[in-house]
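Structure assessment
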Amino acid sequence: MALPAWWEIATPHKDIREGFLDERVFAADLGDVLEGRAPVEYQDARLFFRRTYPTRGLKQLIENVFSRLSGGPGDAVIQLQTPFGDGKTHALLALYHSANHPDLAAEFWGFSESPVSKVNVTVFVGTKADPFGPTPWGEIARQLKAYDIVSEHDQKRVAPGKDRLNAILDKASPCLILIDELLEYVVKVGRTEDQLDTERGQLLAFLQELSEAVGSRKNAVLVVTLPSSALEQYDERAERTLARIQHVLGRVEVIYTPGRRDGDLRDHPQKAF
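Keep in mind it's a predicted model, so treat the numbers as computed, not measured.

Here we take up the overall build of the protein chain. Within the protein chain one finds 14 helices and 5 strands. Here the protein chain, with 273 residues, has 50% of them falling under the buried criterion. When contacts within the protein chain are restricted to residue pairs at least 6 apart in sequence, those whose partners lie at least 24 apart make up 69%. As displayed, the protein chain has an accessible area near 13700 Å², and 51% of this comes from carbon and sulfur atoms.

Next comes the structure, spelled out in C-alpha cells:
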C-alpha cells in the first residue's frame, strides 16, 4: 500500500499555500514586541507558545527563572551568550511572554500551576535605545514605575548606587529584568574614545551594582544577552568593552549558551541549551 502524499495529510502554512514568505518571521526582535510592532507570531503570546518547541534547555531556563521569582532556588543573574542567530532572542521572548501571561505559560511548560501570579517585567534593548535618550537605569526604572528614585541620575547620566536600585526592587519585585544587545548600546554611546571611557565606566558601575542587588534577593532575576565575540560585528575596541562587561557580570552570573543541545544544564559549569 502506497503512503499518502504529504499534502493529503498536512496543511501547509498560509504563506506557503499563497506562495509568499515574509522573512520577518525569522527575525525576532524583543524591542518590536515591547512596542507592539512585531509580527503576530512573536507579538501574540498564545501564538508564540503554539509555535515554540519546548526544548529541555529552554524549559530548564524558564523553570530556573520562575523558581527564583517565586522565592525558591535558582540563578539570579543569567547571561545568554551566543553567536549571531543562535536563539537568545527567542529565549528572551519566551521569558517575556511567560512572565506577562503566567496562566498560558503554566499550561505550555507543563507546570501544575502558575509559579507566580504577577511579575513586573522590564526590558532594555540596546539596538532600540537612543544614545541621546534615557540611560539603561532610567529606562528600567521608568518601566517599573519607579523613575523618581533615579530621575536625577538618569538626567546626569550617572549610575545610581545599590541603595537606590534596592529601593526600585523593593517597589517592583517580583521582578524580571531583561537586557538585550547591551554591547550594541555601548558601541553607540561611545562615539569618541573619551566618551566611551566615561559611558562605559558608568555602565559597568551600574551592572555591578544591579547584579549584586538582584543577587541578594529571592524574587528578582536579571537576564543579559551578549555576543560570544564582539569581532563578529564590531572592532577590537568593542571586544575590550565586551571583556570588561563579562568580567563585571562574571562574579555572580551563570552563562547559558542556547546553541548547544547536549547534556543537562545543571551538569555543566557553563550552562547550555
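Applying the stated criterion to the full structure yields 6 aromatic pairs. Judged by centre distance (4.6 Å) and plane angle (80 degrees), the ring pair of Phe108 and Trp109 falls under edge-to-face. Of the residues examined, Trp109 reaches a relative accessible area of 1% and is grouped as buried.

Our focus in this paragraph is helix α8 (residues 102-109). Here α8 has its buried residues at Pro102, Leu104, Ala105, Ala106 and Trp109. Turning to α8, the residues buried within the fold contact α5 (45-50), α6 (56-69) and α7 (88-100). Immediately beyond the C-terminal end of α8, within one or two residues, lies Gly110, with a positive phi of roughly 80 degrees.

Moving on, we come to the pattern of salt bridges. As enumerated under the stated definition, the model contains 9 salt bridges in all. With a closest N to O distance of 3.0 Å, Lys88 and Glu181 form a salt bridge. Residue Lys88 is located in helix α7, and its partner Glu181 is located in the loop between β3 (175-180) and α12 (182-189); the two are separated by 93 residues in the primary sequence. On the basis of relative accessible area, Lys88 is assigned to the buried category, the value being 11%.

This brings us to the environment of Thr225. In this fold, Thr225 is placed in strand β4 (residues 220-227). Residue classification places Thr225 among the buried positions, given a relative accessible area of 1%. For Thr225 and Ile78, which are 147 residues apart along the polypeptide, the C-alpha to C-alpha distance reads 8.5 Å. Apart from residues lying up to four places away in sequence, Thr225 is in contact with Leu80, Lys88, Leu92, Ile179, Asp180, Glu181 and Leu182. Side-chain polar atoms of Thr225 contact the side chain of Asp180, separated by 2.5 Å.

Every α-helical turn comprises 3.6 residues, leaving residues that sit three or four positions apart pointing alike. Of all the residues in helix α11 (residues 162-172), the buried ones are Leu165, Asn166, Ile168, Leu169 and Ala172. For α11, the angular spread of the buried residues around the axis is 155 degrees, confining them to a single face. Turned more than 90 degrees off the buried face of α11, the exposed positions are Asp163 and Asp170.

Before going further, it helps to examine the confidence of the model for the protein chain. Across the protein chain, the average pLDDT comes to 81, with 77% of residues at 70 or higher. Helix α2 (residues 14-17) is the least confidently modelled element of the protein chain, averaging 68 in pLDDT, while helix α9 (residues 136-143) averages 96, the highest of any element. Residue range residues 262-273 is modelled with pLDDT below 50. Its contacts to residues more than four positions away, or to other chains, number 36 contacts.

Now for unusual backbone geometry. In the segment running from Ser173 into Pro174, the intervening peptide bond is cis, with an omega of 5 degrees. At Arg157, a position not held by glycine, the phi torsion is positive, near 60 degrees. With respect to the secondary-structure elements, Arg157 resides in the loop between α10 (151-156) and α11. Residue Glu181 is not a glycine yet carries a positive backbone phi of 55 degrees.

Now for the nonpolar core. Ranked by size, the top nonpolar core spans 39 residues in total, and within it Ile177, Ile179, Phe206, Val214 and Ile245 carry the most contacts. Tallying contributions element by element places helix α13 (residues 193-215) first for this core, with 7 residues. Leaving out residues up to four positions away in the same chain, Ile179 has contacts with Phe124, Ile140, Leu210, Leu222, Val223, Val224 and Thr225.

The next thing to look at is the pairing of β3. Burial analysis of β3 places 6 of its 6 residues in the buried class, which makes it a mostly covered element. Alternating positions in β3 separate into two faces, Cys175, Ile177 and Ile179 on one and Leu176, Leu178 and Asp180 on the other, with burial throughout. Examined bridge by bridge, strand β2 (residues 120-125) and β3 share 6 bridges and lie parallel to one another. The partner of Val123 across the bridge, within β3, is Leu178.

Thresholds, definitions, all that
- Throughout this document, residue positions are counted from 1 along each chain, in the order its sequence is written.
- It should be noted that, the model being predicted, local features are given only for residues of pLDDT at least 70 and side-chain atom pairs only at 80 or more, the latter also being counted only at that level, while totals for whole chains, interfaces and linings use all residues.
- Side-chain figures throughout are based on the complete set of non-hydrogen atoms in the structure, without hydrogens or water.
- Segments assigned H or I by DSSP are reported as helices when at least four residues long, segments assigned E as strands when at least two residues long, and all are numbered from the N terminus.
- Residue burial is assigned from relative accessible area. The probe radius is 1.4 Å, only protein chains are included, and a residue is buried under 20% of its type maximum, exposed over 50%, and partly exposed in between.
- Contacts between residues were defined by any pair of non-hydrogen atoms, one from each residue, lying within 4.5 Å.
- Computed by Shrake-Rupley with a 1.4 Å probe, the accessible areas treat only the displayed protein chains as cover when residues are assessed.
- Here is the rule: rings of Phe, Tyr and Trp (six-membered ring for Trp) pair when centre to centre is within 6.5 Å. Planes less than 30 degrees apart are stacked, more than 60 are edge-to-face, and the remainder are tilted.
- Salt bridge, as used here, is a side-chain nitrogen of Lys or Arg placed within 4 Å of a carboxyl oxygen of Asp or Glu.
- Residues adjacent in sequence count toward polar contacts only when both atoms are side-chain atoms; beyond that, a polar contact is any pair of N or O atoms within 3.5 Å, and within protein one must be able to donate a hydrogen and the other to accept it.
- Within this analysis, the arc is defined by the directions that extend from the helix axis to the C-beta atoms.
- Confidence scores here are pLDDT values: one per residue, from the predictor, ranging 0 to 100.
- We call a set of buried residues a nonpolar core when its members are Ala, Val, Leu, Ile, Met, Phe, Trp, Tyr or Cys and they connect through side-chain atoms within 4.5 Å of each other.
- Being paired, for any two strands, means DSSP has found at least two bridges between them.

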